[in-house]
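Residues per chain, in single letters:
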Amino acid sequence: MAVGLCLLLLLFCGSTMSEVQPIYKPPPGTLDFGFVPAKTYDTGVYHEPGPIGILFKIVHAFLYLVQPNSFPQDLIRKLAQQKFGNTQSDYQKPENVVLTLQAIYYEIGFIVSAALGLLFILLLPLVGLCFCMCRCCDNCGGEMHQRQKKNADCQRSCFATFLFVASLIISVGVLCAYAANQHLTSQVRGAKKLVNSNFKDLKIFLNDTPAQIDYLVSQYNTTKDKALSDLNNVGPLLGSRVQEQLGKEVRPALDAALTMAGAIRETKEALENVSVSVEVLQEGTERLHANLTDVKMHLSNTLNDSACSAVQAASTCNIIKNSLHQLNINANFSGLPGVSSQLAKVNDVLKIDLSSLVQKGYASFNDTPDLVVNQTRNILSAVPYIKTVLETIGANISSFTKNLPVEKILADLTIYLTQSEAYVQDYFPVVEQYDFYRWLGCLILCCMVVLILVFYYLGLLCGTCGYDKHASPTTRGCISNTGGNFLMAGVGFSFLFSWVLMTVVVLTFVTGGNVEKLVCEPFEDKTLFKVLDTPYLLNHHWKNYLSGILFKNPNINLTFEKVYSDCKENKGIYTSLHLEHLFNINEFLNISMYTEDVALRIEHIQINLSKIILLDEIGKENLLNFSSSGIEGINFAAYLTEINKSVTKVDLLSFANDLEARADQLPKGALENALKGHANSIRMIHNQQVVPLEQAMKYVKARSTLNQSIRLLKRTSSELMVKVKNVISAVNAAQLLINNNASQVIVQETKKFMDTVIGYFEQYVEWVKESIAMEVAACKPIANVIDTAVDIFLCSYVADSVNTFWFGLGGSSIFLIPAIIFAVKLSKYYRRMDTEDVYDDSVEQW
């Protein structure tokens, strides 16, 4: 309700405007209130002097040489706090004497420089008067007689060079003074645009502030609409929250049961594959075993023949007899235990569709939002009442802001602003007129120097061009004589104008230099504000002057420096001026009185989820039957051992080759031929039966399938009973959570839902506070006005230009002294003399 009141108070103090940059960016999942409307302002507080800035820097460096001391904060505080009376005794007090000496010590550079300037002002006219009188008496070079010297040409050249250099330096100085004079005039004329820009921005601020107030108030509807939307959808929203929390336990349990259902199907397939693969492999190995037995029997009969009794064949026959046991199969799949009993039990288990039962559990759990919707209809009945409460709050805020005298305040401020603008517009031509007088006076001073320079340059030009080194001093030409007269005219005007020039230089030097050192530099580093913030400085009874003026409470820690810094950072005037001491927004934005009813209506929700059945007893019994199917009793090692064995104990091809080789060792005859026949039979068995068993797709696939199925069954049967019990335990725990502890979860989620709804109002309050603190009535214009008045106008426009003017004019005035000396000396060589030295020839011969 108090938003409008806070904004009204801001209007009282916020008679300025600012270029507001939107700073509020709501994070994801929160309400987006947008940006407080703000327009762009035209006023800029940065000044670029241009090329003349180089001269400004040179002058600043010179002032640092004159006054290298830092800003005397303590001295100024003591001088401001010290009471100087009208009696002489007050100034003779020890503390006052000490302060005076400290001030003199600080200003010693300016005092010495000003003293030298005053000495220049006093002595140069006096010296000029004495010099004039002296020349009238034919002294000080007034006698029109020149003694001839051997180094006369060298002296004339040196004097001319020195005078020319001095004239150049004077020319540079007068150009600097003229440039500074022109710069000040141009900046004063351009200041009107800056002033108009400030007034324009003030008008924008006054027109924009009501829109900002209306925007803050209107955004309450965003909060209200979001809260009502959530309350209208309390069932789905709360149901999804409850489902999400219960799902942390329920979904893993159902996923484990569904995985176990898949394992049952995989087990059945593996058992069927084992049975089929073993039959295929048994068929091949049994036929091979029969053929190998038959060959072994015939070979044994051949070896029992009487021919083997001969001495030559006995040893060979015995070797062959001893190797007959190798003619046998190695992988015997006929001896493996069957899996028919396990397969029968698994088929019995699969008669019940466990996956379907688990899917029913999923479906039942997914109906949680619908159950919540059906059981929260009592909340929907309270929505109209809550909506009425929220509408009442919005109406109170709107009516309160409308009852505030915002329009009257804005009208008064607009009138005051209009009057101020009219006064400035009327007064500005007067400022321009006086600036014209100043510009004209400074131009006259520059023309004085230029007049002297004209005489010097003409004198140098005429004297140099008209000088004839063969002419005697009494016979010099008219042009040379005119050059000497020009130089003496320049000397005369130098004596006449120098004291006027130096008087202006001293006055502007003392004023402009102290403004730069005591105002501009401390303003730039904010030490000036620290002095103003000194307790009891501006008012002997107030600790903090600014808070005493604004709040009538000087004990509040409100400083000029802090206000200026905050406004420089474009903070709101509520934050910058610490208006919480005048109006505490937290007290007026207390929403607890409005959220209690909402909380009471929501927290009595009662929801029962006992209808949700995750897995019935049939499904659990089905899992137990699977665990007792007996697959863990399969001899997996025997299967894997037979799978990894070769088809025969010996390589039949090698055995046949060896048999044939041994037959070749026997005498030629029937025995040899019989053994070779047996070798061929063995080769035929190898090619027709062993090779297919090793390479034919039928047997390779059967062996591979058997290997994979056995390994799958081995993994599945590993701690099968424990796995099944864990699944059943997880399902029971999830079911217990739904039946017994769901109410606790519902209470927690209901509280979270309530906090979410109330959180919308808290977000609105925080956004209003943030907007008031940083965006509404941002006080950067206050800093801009101060910067414009002090930093730009006083320091950049006036002080820098005035200091550059006296720097150039002062330099020119100082170099008039050597110019006078060299001009007087040089004129003697250019002017036509009345007499000259004459040498007698007889004397010379003597």
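About the criteria used
Residues numbered from 1 in each chain as written. Predicted model: local features only at pLDDT ≥ 70, side-chain atom pairs only at ≥ 80, totals over all residues. Heavy atoms only, no water. Helix = DSSP H or I, 4+ residues; strand = E, 2+ residues; numbered from the N terminus. Contact = heavy atoms within 4.5 Å. Areas by Shrake-Rupley, 256 points an atom, 1.4 Å probe, with all protein chains shown as cover. Disulfide = S-S within 2.5 Å. Salt bridge = Lys/Arg side-chain N within 4 Å of Asp/Glu carboxyl O. Phe/Tyr/Trp six-rings, centres within 6.5 Å; stacked < 30°, edge-to-face > 60°. Buried < 20%, exposed > 50% of the residue type's maximum accessible area, 1.4 Å probe, protein only. Expected span 1.5 Å × (residues − 1). Arc of directions from axis to C-beta. pLDDT = per-residue confidence, 0-100. Axes fitted to C-alpha atoms, helices over the stretch in contact; angles between N-to-C directions. Left-handed = near helix turned anticlockwise from the far one by under 90°. Nonpolar A, V, L, I, M, F, W, Y, C, P; charged D, E, K, R; others polar. Parallel < 35°, antiparallel > 145°, perpendicular 65-115°, else oblique.

Caption draft 1: Examining the overall build of the chain more closely. Within the chain one finds 31 helices and two strands. Considering only contacts within the chain whose residues lie at least 6 apart along the sequence, 88% involve residues at least 24 apart. Surface accessibility of the chain: about 42,900 Å² in total, with carbon and sulfur atoms responsible for 59%.

Caption draft 2: Fine view of the state of the cysteines. Evaluated as defined, the whole model comprises one disulfide. Each disulfide pairs two cysteine sulfurs, and for C520 the partner residue is C795, the sulfurs being separated by 2.0 Å. On the sign convention where negative means left-handed, the S-S torsion of about -100° between C520 and C795 marks this disulfide as left-handed. In this pair, C520 is assigned in helix α16 (residues 478-524) and C795 in helix α29 (residues 780-814), connecting sequence segments 275 residues apart.

Caption draft 3: Spotlight on the pattern of salt bridges. With the rule as written, the count across this model stands at six salt bridges. The residue K571 makes a salt bridge to E569 at a minimum N-O spacing of 3.6 Å. Each member of the salt-bridge network shares a partner with another, and the members are K562, D566, E569 and K571.

Caption draft 4: Structural context of unusual backbone geometry. In the Ramachandran plot, K526 falls in the positive-phi region, its phi being about 65° despite a non-glycine side chain. Within the secondary structure layout, K526 lies in the loop between α16 and α17 (527-532).

Caption draft 5: Expanded view of the packing of aromatic side chains. For the structure on display, the rule yields 22 aromatic pairs. Taken together, a centroid distance of 5.2 Å and an interplanar angle of 40° make the contact between F110 and F509 tilted. Taken as a pair, F110 in helix α6 (residues 108-136) and F509 in helix α16 lie far apart in primary sequence, 399 residues in all. Comparing F110 with F509 shows no difference in burial state: the two are buried. Seen in terms of ring centroids, Y434 and Y437 are 6.1 Å apart; in terms of plane orientation they differ by 90°. Their pairing is edge-to-face. Linking Y434 with Y437, this pair stays in helix α15 (residues 406-466), spanning three residues, or about one helical turn. An aromatic cluster is built from F62, F110, F509, W806 and F807, whose rings are joined through pairwise contacts.

Caption draft 6: Layout of helix α8 (residues 220-232). If you check α8, its first and last C-alpha atoms are 18 Å apart, about what 13 residues at 1.5 Å a residue would give, namely 18 Å. When α8 is considered as a whole, its buried residues turn out to be Y220, T223, K224, A227, L228, D230 and L231. Around the axis of α8, the buried residues are gathered within 160° of arc, so they sit on the same side.

Caption draft 7: How the structure looks around the side chain of S812. Relative to the helices and strands, S812 is located in helix α29. Leaving out residues up to four positions away in the same chain, S812 has contacts with I170, G173, V174 and V449.

Caption draft 8: Seen up close, helix α30 (residues 816-830). Here α30 is 15 residues long and its end C-alpha atoms lie 20 Å apart, about the 21 Å a rise of 1.5 Å per residue gives. Across the 15 residues of α30, eleven count as buried, placing the element largely inside the fold. What α30 keeps buried is the set L816, A819, I820, F822, A823, V824, L826, S827, K828, Y829 and Y830.

Caption draft 9: Geometry of the environment of P384. Along the polypeptide, P384 turns up in helix α14 (residues 377-403). Overall, the relative accessible area of 48% leaves P384 in the partly exposed class. Taking the C-alpha atoms as reference points, P384 and N232, 152 residues apart in sequence, are found 9.8 Å from one another.

Caption draft 10: Expanded view of the environment of L507. Relative to the helices and strands, L507 resides in helix α16. Residues L507 and W806, spaced 299 residues apart in sequence, show a C-alpha to C-alpha distance of 8.9 Å.

Caption draft 11: Highlighting the side chain of Q187. Take Q187: it is sitting in helix α7 (residues 152-218). Overall, Q187 belongs to the buried group, its relative accessible area being 15%. Residue contacts for Q187: discarding those within four places in its chain leaves H47 and Y797.

Caption draft 12: Summary view of the confidence of the model for the chain. On average, residues of the chain carry a pLDDT of 74, and 70% of them reach 70 or more. Mean pLDDT across the elements of the chain ranges from a minimum in helix α1 (residues 3-13), with 32, to a maximum in helix α2 (residues 53-66), with 90. Counting contacts from residues 1-29, a segment whose pLDDT is below 50, to residues more than four positions away or on other chains yields 95 contacts. Here residues 839-846 is a poorly scored stretch, pLDDT under 50, and it has two contacts once near neighbours within four places are set aside; other chains count.

Caption draft 13: Spotlight on the packing of α16 against α29. Here α16 crosses α29 at 145°, and the two axes come no closer than 8 Å. Once α16 is placed against α29, the crossing between them reads as left-handed. Looking at the contact of α16 with α29 residue by residue, the classes come out as 19 nonpolar, six polar and four charged.

Caption draft 14: Geometry of the packing of α2 against α16. At a minimum axis distance of 11 Å, the contact between α2 and α16 shows a crossing angle of 90°. One way to sum up the angle between α2 and α16 is to call them roughly perpendicular. When α2 is examined against α16, the residues H60, F62, L63, Y64 and V66 are found in contact with a partner set consisting of F509, G513, E516 and K517. Partitioned by chemical class, the residues of the contact of α2 with α16 number five nonpolar, two polar and two charged.

Caption draft 15: How the structure looks around the environment of A730. Looking at the element boundaries, A730 is found in helix α28 (residues 720-774). Judged by relative accessible area, which is 30%, A730 ranks as partly exposed. Each C-alpha atom of the pair A730 and L254 lies 8.4 Å from the other, and the pair is 476 residues apart in sequence.

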